[in-house]
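# Commentary on secondary and tertiary structure
Each chain, letter by letter, is given below.
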Number of protein chains: 4
Amino acid sequence: MNFASDNAGPAAPEIMAAVIAANEGSAMPYGNDPVRDGAIQKIRDLFEAPEASVHLVATGTAANALALSVLARPWEAIFCHRAAHIEADECGAPEFYTGGAKLALVEGVGAKMTPEALRKAIHAKGGGDVHSVQRGPVSITQITEEGAVYALPEIEALSDVAREFGLQLHLDGARFANACATLGCTPAEMTWKAGVDAVSFGGTKNGCLGVEAVVIFDQSSAWELELRRKRGGHLFSKHRYLSAQMEAYITDGLWLRLAQSANARCAELAEGLRGLPGASFMEEPRGNLVFVHLPRAAHARAMAAGAKYYLFGEDQALDGDPETPILCRLVCDWSCTSEKVQSLLALFRGV
Amino acid sequence: MNFASDNAGPAAPEIMAAVIAANEGSAMPYGNDPVRDGAIQKIRDLFEAPEASVHLVATGTAANALALSVLARPWEAIFCHRAAHIEADECGAPEFYTGGAKLALVEGVGAKMTPEALRKAIHAKGGGDVHSVQRGPVSITQITEEGAVYALPEIEALSDVAREFGLQLHLDGARFANACATLGCTPAEMTWKAGVDAVSFGGTKNGCLGVEAVVIFDQSSAWELELRRKRGGHLFSKHRYLSAQMEAYITDGLWLRLAQSANARCAELAEGLRGLPGASFMEEPRGNLVFVHLPRAAHARAMAAGAKYYLFGEDQALDGDPETPILCRLVCDWSCTSEKVQSLLALFRGV
Amino acid sequence: MNFASDNAGPAAPEIMAAVIAANEGSAMPYGNDPVRDGAIQKIRDLFEAPEASVHLVATGTAANALALSVLARPWEAIFCHRAAHIEADECGAPEFYTGGAKLALVEGVGAKMTPEALRKAIHAKGGGDVHSVQRGPVSITQITEEGAVYALPEIEALSDVAREFGLQLHLDGARFANACATLGCTPAEMTWKAGVDAVSFGGTKNGCLGVEAVVIFDQSSAWELELRRKRGGHLFSKHRYLSAQMEAYITDGLWLRLAQSANARCAELAEGLRGLPGASFMEEPRGNLVFVHLPRAAHARAMAAGAKYYLFGEDQALDGDPETPILCRLVCDWSCTSEKVQSLLALFRGV
Amino acid sequence: MNFASDNAGPAAPEIMAAVIAANEGSAMPYGNDPVRDGAIQKIRDLFEAPEASVHLVATGTAANALALSVLARPWEAIFCHRAAHIEADECGAPEFYTGGAKLALVEGVGAKMTPEALRKAIHAKGGGDVHSVQRGPVSITQITEEGAVYALPEIEALSDVAREFGLQLHLDGARFANACATLGCTPAEMTWKAGVDAVSFGGTKNGCLGVEAVVIFDQSSAWELELRRKRGGHLFSKHRYLSAQMEAYITDGLWLRLAQSANARCAELAEGLRGLPGASFMEEPRGNLVFVHLPRAAHARAMAAGAKYYLFGEDQALDGDPETPILCRLVCDWSCTSEKVQSLLALFRGV
């Protein structure tokens, strides 16, 4: 009963079938094969961005770091939330790939930055002063690391602030599909139509084996990104396996269906938790992640039965006050079933 | 009829089967799963190195750059052959991962460095002088980029030179298995028993989808390499697919059988070329690569029929002197068949 | 009437005389001269640290960045105050020299970090987790960027926290001498005896033309620092001019006398400001910097008369509310005279 | 009797006088003073380049590395001679400042690259291939590290090759003035009129304490270079001492007179060596460096008498064959006198 991560789930059958199908005969390496062109084209179509620069890599950290490396110069600040994956969970990959850019942290509930907090953070980095690092791109995560979802006007408002200072906006879309499912919007609406300049379009967490696309709406950095990808060791020699995953992921709306399924299971889980005495949400779940304060007894029962999920935050010592609820992160991926959700709820309920 | 690269071939059925089998249920991400531990252990057993530090990545460039990044400091020289993959084909990945180390180039026929050339190159970098970059690790490729194979005593002789100066020895084993097949030796004999300190143990070119192992015989840099892997974006969230490939690759000697098959087809190809009027080898083929000077007419026939392979060297203009032979690189991978070899030879022969 | 910076003052006569004296005849370049050895020895004696590794550079940013580069690995966090010079005023030099380390910001009044805030910041960077950057050195500034002075027990308390986590402690001593003058302690007492591992020992702000010493009490990184200094372009070919400055700076306690004079003028200035209606200190001045809220009229008079000093903080718009005081930073250097102090006070008083 | 380096000489009296004169009163720091503007303007006038971007630093390595960092991207090759200072004597500073660019080595007698060798080296780095590092700027040294001087048409020919490939040309002018003195040309003629895009204009070796100017004829990278200078720790707080040196250096043609004097002494030395039995030049001396094969007895006499100079090349073991001459590098700086030259010659002659 694994609710630890959407990375803990398997690949979807359609994705695996595509990989198997791609394994026929020979194909020119390093992306010089027709499958790659097809996959790239599908992403451009999906984003309604016929000129977008698109590059496939295998990990989300690579996608984020490469995207940021073409947006930020080494002496610039990247504005992100304190809880952002690029700040907290990539062991300094953005610093490495940018050649030493600084991450300037922005506050906000639910790991969402507000326009006011962003503007304040930008102001604090002196523009035009040689002593300070310079103002660089803004990076937001959708769905955020704490499960919140930016509404389209919220993205636009952040983009407006960025643009006011001449800065670009990057979107870490590790759970891009789940956000589209929640908002009922198109990829274009959630990105360039809302003022986003570059996207890490995630596949891995949502049913792929390992594939992410860096999508940059301005073509001018396309070659630079190819070189940075190679130099980072992220150009696959047998690139067809990346292409095949991405192609299948987009075909017939699979990406969205997988996310809708994950979100639906999460909603079911949330519904069940609402009825659990002593449970309360850190914030209302909207995508495929739940952050919930649980009674310790409920948590202990689930652990004893082998359920897997992470506690959240610094102060979650297991030997803490038994009266204090414990904050848990529960994640549903595409493969999660109602049965699995109900089993976990039953453990929590202790019946 | 693709002889362009061992990267052009498909994955072996056993490897694909393992990936499919790994796609069951959930598994803790980032290598925190039992499959990973099993794969690592198998590599340690294969290398007879129970304490080795082993790390899986998806590309050869990542494996090389990460291995070198723990062997070389930013102000050191890495000694390698002028034709080495790390120098010529990784877009500066070693410089990137080491933080700016310099590649000091060594000469030698067949892309093999000689002990004398190595010693001379090391001497030329002043030890103890603050103005020069300092002496760092030596890196060799086995099988070399020009198809030559270091005999074990040759590796030992290079290792002796390195050790004389207190330097470590890295082996780029993109075609490690093919070399073992040629030499009839064990992985241990070709590495630590011959004085090699770190290996990029390749799987991708030899029947995997994309997996390589960094193997370092000294445990002291294990944690540093884990951090560098993460920071480089090379820690897979769904790590099980890397582990499954590597586990299957080693099981029951598959790695060696695949290489033996590739080498055998290559030998058959070489045999056929020996009988081709006007053909001559750049050097005697010993593994799974052939570098052969071909009559232009033979080459033209193969191209016209859709054969795929690369020309080699700078001066191979297709519109060159029709009387001058053209230097071609032909590569056999595990999936190459006798039929395919004979078809190519028939094209060359023009019959 | 320049109170803008201790960098605005001239060099002391003794320092200039030493530079002139050093300009006789030839001397082997790059520090291979006897003057250098003498200067290094004097620093070791001053710090009562016969084994310290000592390296001269020309700027404080170079001293800090080089010191940190041997203390921090690229994937580590450097813990410093939000207002630290290394964070706010070096355009990312620490990130550049360390190869991409992250500065983790600690809060505290007067730009002083408290042990509690430091411990909390260290806790927030997960030790042992590959996803997060790792815990690296702590860096404090003495005198702080907001004019506060750490008492010796305060340094010891921070050192205790660092040591608890196995971390090293760096001290940015751009105003080292002024702090010693304030505390009446020895350099050894303010550094290694209090648990400091590495110091940027400043000379430039206190009467030199441009010289700082990196002092590291553990010899093991001495050669690495020499290489990093050269690689950073900070090894002077005519090194004697750095050595001569530093030698004269230490001889006969000049360093301390210059700082005592600056501090005394600052105390006189503070005394005068205490009597100024409407003026109030941001915090009680203890070294050679005053941060004072001034009535706008007083400020306007000083500006009109050509006085030079910086406003402090983000919200100091000159066209702000005339009733709101304005926060000014006033700095006295060694060359500041009572007459100059009284002239500024007279302007503020408007008499 | 020091002929070891032009870095071993003192500063010229005019330079020292300017530093002393600059030490009056206060001046805004970090180059925000009028002296700086005057010095920059004088350099622009000297180079007949009213729009040039000019930046003062204290060391030649800093000047070279900063200049190259704005010309080369991290994934590019910098084409330079194997003996270039940036390759052999800067401990990897170009790699550090560029973020890992590769130095591609070009051959040529006297440390001069030929257009043919340059073209061949450029060809060898594949343009447009993602696997190889990309083609970046060309860097030449004038006077070369082996004492040779590029004639203006030779610089133009190299510039033509660079331009043919769309590459920029950097000139390391550590001995810029000596070259102008030799060629009798203007700074403009030796640089932008001959196709040079960026210059490290040296002062240190030619009578300054420590100052070099980065001069870039295209203004577009001016702000970037300011940021890189700060980030590298090379922005002086008391910048007036750099400005004062440079201002005096250019005033009334001092820079040229000092170099003419050094060259004249060198010519006198060469003349004397021509008459020395058994002596022969590595190549005809043209600036202020002599590379001469000396009889070992002559060399031994000079050493015994305390003369200082470096041997050149790898194989100059002092205990070598007594019949084999030994290759010595003799350098004259502006302060060298006829008397000193004649004294050395007398030692060589043994009379």
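Residues numbered from 1 in each chain as written. Chains lettered and ligands numbered in written order. Predicted model: local features only at pLDDT ≥ 70, side-chain atom pairs only at ≥ 80, totals over all residues. Heavy atoms only, no water.

## What about the overall build of chain A?
Along its length, chain A carries 14 helices and 11 strands. Here chain A has a C-alpha radius of gyration of 21 Å; the compact-globule value for 351 residues is 20 Å, and the two agree. In chain A, buried positions account for 65% of the 351 residues. At a minimum sequence separation of 6, the contacts of chain A that also span at least 24 residues come to 75%. (Helix = DSSP H or I, 4+ residues; strand = E, 2+ residues; numbered from the N terminus. Rg over C-alpha atoms; globule rule 2.2 N^0.38 Å. Buried < 20%, exposed > 50% of the residue type's maximum accessible area, 1.4 Å probe, protein only. Contact = heavy atoms within 4.5 Å.)

## With respect to unusual backbone geometry
Residue and element names in this part refer to chain B. A cis geometry characterises the amide bond from Gln142 onward to Ile143, with omega recorded as -20°. In this structure, Ile143 sits in the loop between strand S4 (134–141) and helix H7 (152–164). Even without glycine at this site, Asp252 takes up a positive phi of about 55°. Considering the arrangement of structural elements, one finds Asp252 in the loop between helix H11 (240–250) and helix H12 (254–274).

## Quick notes on the interface of chain B and chain C
On the side of chain C, 20 residues touch chain B, which itself brings 20 residues to the contact. Summing both sides of the interface, chain B and chain C together bury roughly 1800 Å²; the carbon and sulfur share of this comes to 63%. When the area that chain B buries against chain C is broken down by residue, the three leading residues are Trp75, Val130 and Arg231 of chain B, summing to 35%. The interface formed by chain B and chain C holds two salt bridges in total. (Buried area = accessible area lost by both parts, 1.4 Å probe. Salt bridge = Lys/Arg side-chain N within 4 Å of Asp/Glu carboxyl O.)

## A closer look at helix H1 (residues 13–22) of chain D
All names here are of chain D. Where H1 is concerned, the buried positions are Ile15, Met16, Ala18, Val19 and Ala22. For H1, the angular spread of buried residues about the axis comes to 155°, placing them on one side. Along H1, exposed side chains directed more than 90 degrees from the buried face belong to Pro13 and Ala21. (Arc of directions from axis to C-beta.)

## As for the relation of the copies chain B and chain A
Mapping chain B onto chain A is achieved by rotating through 180° and translating by 0.0 Å along the same axis, at an RMSD of 0.0 Å. In the structure described here, the two chain copies are related by an operation that fits a two-fold rotation axis. Rotation axis and chain B: the residue whose C-alpha lies nearest the axis is Gly232 of chain B, separated from it by 3.5 Å. A shared binding surface is used by both copies, with 100% of the interface residues of chain B retained as interface residues in chain A. (Least-squares fit on C-alpha atoms with pLDDT ≥ 70 in both.)

## Considering helix H14 (residues 338–349) of chain B
Residue and element names in this part refer to chain B. Taking 1.5 Å per residue as the helical rise, H14 with its 12 residues ought to reach 16 Å, and the 16 Å between its terminal C-alpha atoms agrees with that figure. Where H14 is buried, its residues touch H12, strand S9 (289–294), helix H13 (296–304) and strand S11 (326–331). Positive phi appears at Gly350, one or two residues downstream of H14, with a value of about 75°. (Expected span 1.5 Å × (residues − 1).)

## Some thoughts on the interface of chain B and chain A
With 50 residues of chain B in contact, the opposing surface of chain A contributes 50 residues. Broken down residue by residue, the surface that chain B buries against chain A is led by Phe96, Arg231 and Lys238 of chain B, which jointly contribute 18%. Viewed at the interface, chain A and chain B are joined by 34 residue pairs in polar contact (both at pLDDT 80 or more). Among the secondary structure elements, those contributing two or more residues to the side of chain B that touches chain A are helix H1 (13–22), helix H3 (60–71), helix H5 (93–98), helix H10 (222–231) and H11 of chain B. The leading source of residues in the side of chain B that touches chain A is H5 of chain B, at four residues. Its residues assigned to classes, the side of chain B that touches chain A comprises 24 nonpolar, 17 polar and nine charged. (Polar contact = N/O pair within 3.5 Å; in protein donor to acceptor, adjacent residues only side chain to side chain. Nonpolar A, V, L, I, M, F, W, Y, C, P; charged D, E, K, R; others polar.)

## Quick look at the nonpolar core
Counting residues in hydrophobic clusters, the biggest one holds 144 residues, and the most contacted among them are Phe201 of chain C together with Phe201 of chain D. Not counting residues within four places of it along the chain, the set of residues in contact with Phe201 of chain D comprises Leu46, Phe47, Gly173, Phe176, Glu212, Ala213, Val215, Met246, Tyr249 and Ile250 of chain D. (Core = buried A, V, L, I, M, F, W, Y, C linked by side-chain atoms within 4.5 Å.)

## A closer look at the packing of H12 of chain B against H14 of chain B
Working note: a packed helix pair is described by the angle between its axes plus the distance between those axes. Residues and elements named next belong to chain B. One can describe the packing of H12 onto H14 by two numbers: an axis separation of 10 Å at closest approach and a directional angle of 20°. When the interaxial angle is binned, H12 and H14 end up roughly parallel. The hand of the H12/H14 crossing is right-handed. Note on element contacts: H14 touches H12 through Ser338, Val341, Gln342, Leu344, Leu345, Phe348 and Arg349, opposite Arg265, Glu268, Leu269, Gly272 and Leu273. Within the contact of H12 with H14, the residues separate by chemical class into six nonpolar, three polar and three charged. (Axes fitted to C-alpha atoms, helices over the stretch in contact; angles between N-to-C directions. Parallel < 35°, antiparallel > 145°, perpendicular 65-115°, else oblique. Left-handed = near helix turned anticlockwise from the far one by under 90°.)

## Things to note about the side chain of Asn23 of chain B
With respect to the helices and strands, Asn23 of chain B occurs in the loop between H1 and helix H2 (34–46). Here Tyr241 of chain B takes part through its side chain, which lies 2.5 Å from a polar atom of the side chain of Asn23 of chain B. Filtering out sequence-adjacent residues up to four positions away, Asn23 of chain B remains in contact with Pro10, Ala11 and Met16 of chain A together with Arg240 and Tyr241 of chain B.

## What about the relation of the copies chain B and chain C?
Each copy of the sequence occupies a distinct position, and chain B is placed on chain C by a rotation of 180° and an axial shift of 0.0 Å, giving an RMSD of 0.0 Å. Most of the interface of chain B is mirrored in chain C: 100% of its interface residues are interface residues there too.

## Thoughts on the pattern of salt bridges
All told, the structure shown has 68 salt bridges over all chains when counted by the stated rule. Here Arg36 of chain A and Asp37 of chain A are joined by a salt bridge, their closest N and O atoms 3.1 Å apart. Its relative accessible area of 45% is what places Asp37 of chain A among the partly exposed residues. We note a salt bridge from Glu271 of chain D to Arg274 of chain D, for which the minimum N-O separation is 3.1 Å. Taken together, the residues Glu271 of chain D and Arg274 of chain D, both in helix H12 (residues 254–274) and three residues apart, mark about one turn of the helix. Among the residues examined, Arg274 of chain D registers a relative accessible area of 42% and is labelled partly exposed. Counted as one network, the salt bridges with shared partners bring together Glu87 and Glu95 of chain A together with Lys102 and Lys125 of chain C.

## Overview of the pairing of strand S5 (residues 169–173) of chain C
All names here are of chain C. Among the five residues in S5, five count as buried, and that is most of the element. Every second residue of S5 is oriented toward a common face, with Leu169, Leu171 and Gly173 on one face and His170 and Asp172 on the other, all of them buried. Alignment of strand S4 (residues 134–141) against S5, held across four bridges, turns out to be parallel. From the neighbouring strand, Thr141 faces S5, where its bridge partner is Asp172. (Pairing = 2+ DSSP bridges.)

## Some words on the domain arrangement of chain A
Residue and element names in this part refer to chain A. Domain boundaries assigned for chain A yield domain 1 (11–253) and domain 2 (255–349). The straight-line distance from the C-alpha centre of domain 1 to that of domain 2 is 28 Å. Taken together, the contact pairs 28 residues of domain 1 with 19 residues of domain 2. Note on domain 1 versus domain 2: buried area summed over both sides is about 1900 Å², and carbon and sulfur give 56% of it. (Domains from an automatic or database assignment.)

## Notes on the sheet that holds strand S8 (residues 280–281) of chain D
Residues and elements named next belong to chain D. The antiparallel open sheet is built from four strands, whose spatial order is S8-S9-S11-S10. In this open sheet, the two edge strands, each paired with only one partner strand, are S8 and strand S10 (310–311). Of the strand pairs in this sheet, S10 and strand S11 (residues 326–331) are connected by two bridges, and their pairing is antiparallel. Bridging from a neighbouring strand, Leu311 pairs with Cys328 of S11.

## Brief notes about the sheet that holds strand S5 (residues 169–173) of chain B
Residues and elements named next belong to chain B. Pairing within the open sheet is mixed, and its seven strands lie in the order S1-S7-S6-S5-S4-S2-S3. Of all strands in the sheet, those bounded by a partner on one side alone are strand S1 (53–57) and strand S3 (102–106). Taken pair by pair, the neighbouring strands of this sheet meet at an average axis angle of 20°, ignoring direction. Looking at chain direction, S5 and strand S6 (residues 198–202) are connected through four bridges and run parallel. Paired with Leu171 across the two strands is Val199, which belongs to S6.

## As for the side chain of Lys230 of chain D
For Lys230 of chain D, the position within the fold is in helix H10 (residues 222–231). Buried within the structure, Lys230 of chain D lacks any salt-bridge partner; Glu90 of chain C is the closest side chain of opposite charge, at an N-O distance of 6.3 Å. Among the polar contacts listed, one links the side chain of Lys230 of chain D to the backbone oxygen of Asp89 of chain C, at a separation of 3.2 Å. Beyond its immediate sequence surroundings of up to four residues, Lys230 of chain D is in contact with Val130 and His131 of chain A, Thr61, Asp89, Glu90 and Cys91 of chain C together with Tyr30 and Leu235 of chain D. (Lys, Arg positive; Asp, Glu negative; His and termini not counted.)

## Focus: the state of the cysteines
By definition, a disulfide links two cysteine residues through a covalent bond between their sulfur atoms. Under the counting rule described, the total for this entry stands at zero disulfides over all chains. The thiol of Cys336 of chain A is unpaired, and the distance to the nearest cysteine sulfur, on Cys332 of chain A, comes to 4.1 Å. (Disulfide = S-S within 2.5 Å.)

## A few points about the packing of helix H6 (residues 115–124) of chain A against helix H7 (residues 152–164) of chain A
Residue and element names in this part refer to chain A. Taken N-terminus to C-terminus, the directions of H6 and H7 make an angle of 20°; their axes are 9 Å apart at the nearest point. As judged from the angle between their axes, H6 and H7 are roughly parallel. In the crossing of H6 with H7, the sense of the turn from one axis to the other is right-handed. Taken together, the residues of H7 that come into contact with H6 (itself represented by Pro115, Leu118, Arg119 and Ile122) are Ala157, Leu158, Val161 and Glu164. By residue class, the composition of the contact of H6 with H7 is six nonpolar, no polar and two charged.

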